[in-house]
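Secondary and tertiary structure notes
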Amino acid sequence: MTMERAQGRTLELALAGGFVLLFLWLGTGPVADGDFFWHVHAGRQILADRALPDRDLFSFTTEQVVADQAADPRISVVLGQYWLAQLVLALVFDTGGAAAIVVLRAAVFTALLLLLYLWGRQRAPWPVSGCLTVVTAGLLLEYPSERPQLFSFLLAAVVLFLLERLRGEKRWRSGPPALCLPLLMLLWGNLHGGYLLGVGFCLLYAAGHLAGTVRTGGTEWRYLALLVLSAGTAFVNPCGADALTVFRTTDSGYLAMVYETLSPFAAFRHGDHFWPYWLALLLAAGAFVRSGRGMAREQMLVVAGVLALSLTGLRYMIFLPLSFPLFIAAYAAIPSRQAAIAALLALAAFLAAADFSAAGRFAVADRFPHGAVDFLREKFPARRLFNHYDWGGYLGFALPQSRVFIDGRGLVPAVAREYGAIKDADGYRERLRRYGVDAIVMPALGGTGGKIYPLIRALHGDDAWQLVYWDETALVLVPAADPAARAAAALDKRDIFRHVVRRIDFLLPDANRGERLVLLQTRAESQLLLGDYAGARATARAMQAIETDNRFAARLLAAPEPR
């Protein structure tokens with residue numbers, strides 16, 4: 001090895017090692033995925049019962065809407081599809097708490113990046129592989145995922161790696177290496193519904209091989225049989241192929257209320273830009289242009305497939321950069337200096353977007369209603385809760401004696417529609433009565449919109465409901481006629497607007513420009529309702545600092561202060 005090559009190798013090891021350690025640290029943000037909690041809750045239930053659940057044990061609405069839950073394919077799939085991952089998450093959490101889950105997530109993400117870098121390094125110089133790895137890392141940090149999809153991310157890359165080995169090296173097609181693929185697909189099929197993507201990979205490789213050899217008569221039928229067998233083993237799970245049916249028939253109304261089902265284009269209009277995804281999209285498209293027919297059929301089919309899939313929802317964006325070793329060869333001829341500059345620019349963008357303040361927080365995130373849970377556990381321990389959708393998993397987990405209206409499983413689309421109607425104050429009195437709701441746990445503000453939920457505005461003027469708790473995260477209301485409510489201290493309902501002001505102050509640091517304007521307008525309106533005219537004017541000036549010609553701020557500042 002020449003001195004120049006040795007120095008290059010040392011530089012590569014130093015930069016790659018340093019980035020891995022940096023990413024590992026940045027990956028230690030708090031547990032922030034609300035669905036994590038119902039997965040752990042389910043894993044504990046499976047361990048306790050030594051059986052998979054056949055009905056919903058966490059929300060009270062499912063049994064009121066669906067009498068025979070076992071006959072509903074969506075319910076059976078959601079209850080049984082993730083069983084192995086839920087056991088893993090429950091065991092890890094019960095062993096080391098939230099800190100152990102944070103470490104697990106950071107370790108899996110870091111191992112995934114190492115695999116992609118080393119695999120890409122076999123096909124292109126290290127600055128090229130490093131650049132694409134940084135892009136992938138930037139998008140991974142947008143997924144603070146502690147739920148079973150974590151395993152799908154890793155297994156998608158591992159399965160693609162094995163498929164490429166099987167395609168390129170015939171000696172891998174017999175003996176122990178060949179067994180790895182069906183065994184991995186069997187594992188994946190019992191961890192997460194993302195195994196359908198792995199099934200697609202196997203079948204696309206089979207189609208690519210068949211298309212390339214059928215005319216020449218060189219088809220390897222044993223190899224094709226291995227690919228088809230591997231796809232089939234994924235369906236050896238408690239739900240069989242039902243996940244495919246559910247995937248195709250999921251209610252569009254339910255999908256519309258889940259943010260991660262938005263397309264990247266819709267998210268861009270909302271102000272969430274996900275720069276690593278768009279860069280990966282450009283690189284993947286550019287690979288088709290640069291390499292022409294240089295990519296194998298199988299590679300082209302898979303990259304085109306994940307590219308198309310990624311455009312349909314935020315939850316699928318990550319699979320595009322995970323496929324970069326398949327198209328990295330298109331950029332292998334880029335001069336080292338240019339590749340190094342591109343890698344440094346990608347690293348600079350990654351560092352600028354990274355949230356260093358979240359690193360090293362081996363705990364549950366502050367976004368969940370911890371204070372409200374402590375209050376309910378002490379004062380109202382067993383309730384039927386109408387809850388914020390994103391908090392359903394956490395509330396069911398933290399308050400096992402209570403049951404929630406809805407959680408992130410979205411088991412019954414009809415319940416999701418009922419949730420939306422109540423949230424919008426559409427016949428909320430009759431609906432809450434029909435479902436026997438005896439406590440409401442909600443934030444005042446609606447999602448990313450920054451507006452007060454119509455339900456909260458309605459409850460502010462509804463004497464049938466009593467405010468008993470509030471902080472910057474959540475409000476708790478109970479029926480005023482409830483004997484337990486009479487024993488609790490009734491709070492001034494104007495505290496709802498104090499909650500709004502404090503919650504907006506909590507949300508503002510992470511809001512984009514458009515969201516900040518909406519949040520600030522809502523804060524000013526709440527301050528006016530509280531009689532805080534000086535505060536409202538200060539908020540209006542903050543709005544003008546963002547948008548100088550903001551009409552709402554101008555009207556507020558021009559209006560005389562009431563006496």
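The structure contained in this document is the topic of the report that follows. Since we're looking at a predicted model, the values are computed, not measured.

Quick notes on the rules
- Note on numbering: residues in each chain are counted from 1, in written sequence order.
- Reporting in this predicted model follows two pLDDT cut-offs: at least 70 for local features of residues, and 80 or more for side-chain atom pairs to be given and counted; totals over whole chains, interfaces and linings ignore these cut-offs and use all residues.
- For the side-chain quantities, the full set of heavy atoms in the structure was used; hydrogens and water were omitted.
- To qualify as a helix, a DSSP run of H or I must reach at least 4 residues; to qualify as a strand, a run of E must reach at least 2; elements of each kind are numbered from the N terminus.
- Within these notes, the globule rule equals 2.2 Å times the number of residues to the 0.38 power, and the radius of gyration is based on C-alpha atoms.
- Accessible area is worked out with a 1.4 Å probe on protein chains only. A residue is then buried under 20% of its type maximum, exposed over 50%, and partly exposed in between.
- Contact between two residues is taken to exist if any of their heavy atoms lie within 4.5 Å; hydrogens are not considered.
- For accessible areas, the Shrake-Rupley method is used with a probe of radius 1.4 Å. Any residue's cover is judged against the shown protein chains and nothing else.
- Charge convention: Lys and Arg are scored as positive, Asp and Glu as negative, and His as well as the terminal groups of each chain are ignored.
- Working definition for charges: the position is that of NZ of Lys, CZ of Arg, CG of Asp or CD of Glu.
- Expected span of a helix: the number of residues minus one, times 1.5 Å.
- For each structure, a 1 Å grid was placed over the protein atoms alone; sets of points admitting a 1.4 Å probe that cannot get out are labelled cavities, open sets with protein on both sides within 12 Å along at least five of seven lines are labelled pockets, and lining residues have an atom within 4 Å of a point.
- Grid points are joined across faces, edges and corners, and a volume is the space filled by probe spheres set on the points.
- Only one rule defines a salt bridge in this text: a Lys or Arg side-chain nitrogen within 4 Å of an Asp or Glu carboxyl oxygen.
- The angle between two axes is taken between their N-to-C directions and runs from 0 to 180 degrees, where each axis is a line fitted to C-alpha atoms and a helix contributes only its stretch in contact.
- Orientation labels follow simple angle bins: below 35 degrees gives roughly parallel, above 145 gives roughly antiparallel, 65 to 115 gives roughly perpendicular, and whatever is left gives oblique.
- Should the near helix be turned anticlockwise from the far one by less than a right angle, the crossing is termed left-handed; should it be turned clockwise, right-handed.
- We call Asp, Glu, Lys and Arg charged. Ala, Val, Leu, Ile, Met, Phe, Trp, Tyr, Cys and Pro are nonpolar, and the rest, Gly among them, are polar.
- Residues grouped as a nonpolar core are buried Ala, Val, Leu, Ile, Met, Phe, Trp, Tyr and Cys residues, joined through side-chain atoms within 4.5 Å.
- Here, a strand pair is defined by DSSP locating no fewer than two bridges between the strands.
- A residue counts toward a patch only above 30% relative accessible area and without a salt bridge, and it is joined to like-charged neighbours within 9 Å or, for Val, Leu, Ile, Met, Phe, Trp and Tyr, to nonpolar neighbours within 5 Å.

**Re the overall build of the chain**
Within the chain, the regular secondary structure consists of 28 helices and five strands. Compactness check: the chain gives a C-alpha radius of gyration of 26 Å against a globular reference of 24 Å for 563 residues, within 12% of the reference. In the chain, buried positions account for 52% of the 563 residues. Taking contacts inside the chain between residues at least 6 apart in sequence as the whole, the part at least 24 apart equals 72%. A total of about 24,600 Å² of accessible surface is found on the chain, and carbon and sulfur atoms cover 60% of it. With 54 positive and 47 negative side-chain charges, the chain shows a separation of 6 Å between the mean positions of the two kinds.

**Some words on helix α27 (residues 533–546)**
In this model α27 runs 20 Å from its N-terminal to its C-terminal C-alpha over 14 residues, within 8% of the 20 Å that 1.5 Å per residue would give. Of all the positions in α27, only Gly535, Ala536, Arg537, Thr539, Ala540 and Met543 are classed as buried. In this structure, the buried residues of α27 make contact with α26 (513–529) and α28 (551–558).

**Structural notes on the layout of surface pockets**
By volume, the second largest pocket amounts to about 440 Å³. The wall of the second largest pocket is formed by 21 residues, among which Leu15, Ala16, Phe19, Trp126 and Gly130 lie closest to the centre. Elements that contribute at least two residues to the lining of the second largest pocket include exactly α1 (3–26), α5 (83–121), α6 (126–140) and α18 (336–353). Counting residues per element, the lining of the second largest pocket draws most heavily on α1, which supplies eight residues.

**Some remarks on the pattern of salt bridges**
Scanning the entire structure with this criterion turns up 31 salt bridges. Its salt-bridge partner being Arg315, residue Glu260 comes within 3.1 Å of it at the nearest N-O pair. Separated by 55 residues along the polypeptide, Glu260 in the loop between α12 (252–256) and α13 (264–270) and Arg315 in the loop between α15 (297–310) and α16 (319–322) bring together distant segments of the chain. Here Glu260 falls in the partly exposed class, since its relative accessible area comes to 24%. Arg383 is the salt-bridge partner of Asp482, the closest N and O atoms lying 2.6 Å from each other. With a gap of 99 residues between them, Asp482 in the loop between β5 (475–479) and α24 (483–487) and Arg383 in the loop between α19 (370–379) and β1 (384–387) connect regions that are remote in the sequence.

**Things to note about unusual backbone geometry**
Here Arg50, not a glycine, exhibits a phi torsion of approximately 55°, which is positive. Structurally, Arg50 is set in the loop between α2 (35–49) and α3 (61–65). Its relative accessible area of 70% is what places Arg50 among the exposed residues. Of note, the phi angle at Ala425 is positive, near 60°, even though the residue is not glycine. Within the secondary structure, Ala425 is located in the loop between α21 (413–423) and α22 (428–434).

**Regarding the side chain of Gln299**
Relative to the helices and strands, Gln299 resides in helix α15. Under the relative-accessibility criterion, Gln299 is labelled buried at 6%. Gln299 has contacts with Arg123, Glu164, Arg167 and Leu326, leaving out every residue within four places of it along the chain.

**Observations concerning the packing of helix α7 (residues 149–168) against helix α8 (residues 176–189)**
Between α7 and α8, the shortest axis-to-axis distance is 10 Å and the interhelical angle comes to 160°. Put simply, α7 runs roughly antiparallel to α8. In terms of crossing hand, the pair formed by α7 and α8 is left-handed. Residue-level contacts link Ser152, Leu155, Ala156, Val158, Val159, Leu162, Leu163 and Leu166 of α7 to Ala178, Cys180, Leu181, Leu184, Met185 and Trp188 of α8. Tallied by class, residues from the contact of α7 with α8 come to 13 nonpolar, one polar and no charged.

**Examining α8**
The first and last C-alpha atoms of α8 sit 20 Å apart over 14 residues, in line with the 20 Å expected at 1.5 Å per residue. For α8, the secondary structure elements touched by its buried residues are α7, α9 (195–213) and α10 (221–233).

**Examining the nonpolar core**
When a protein is soluble and globular, its nonpolar side chains tend to lie buried together. Judged by nonpolar contacts, the single largest core of 124 residues is most densely connected at Phe153, Leu181, Phe201, Phe319 and Phe327. At 14 residues, the largest contribution of residues to this core is made by α5. The residues contacting Leu181, other than those within four sequence positions of it, are Val159, Leu162, Leu163, Leu166, Cys202, Leu227 and Ser230. The next biggest cluster of nonpolar side chains, apart from the first, holds 53 residues, and it includes Ile75, Val258, Val437 and Leu530.

**Digging into the pairing of strand β4 (residues 465–470)**
The element β4 is largely enclosed, with a buried count of five among its six residues. As judged from the five bridges shared by β4 and β5, these two strands associate in the antiparallel manner. Its bridge partner being in β5, Gln466 is matched across the sheet by Val478. In textbook terms, the turn of a hairpin is the stretch between consecutive antiparallel strands, and for β4 and β5 this stretch comprises four residues.

**Thoughts on a nonpolar patch on the surface**
On the surface, Leu179, Leu183, Leu186 and Val236 cluster together into a nonpolar patch covering about 380 Å² of accessible area. Take Leu179: it is sitting in helix α8.

**What to know about the environment of His39**
Here His39 is to be found in helix α2. With relative accessibility at 2%, the residue His39 sits in the buried group. Each C-alpha atom, one on His39 and one on Leu89, is 7.4 Å from the other, the two residues being 50 residues apart in sequence. Beyond its immediate stretch of four places on either side in the chain, His39 contacts Tyr82, Gln86, Leu89, Arg147 and Pro148.

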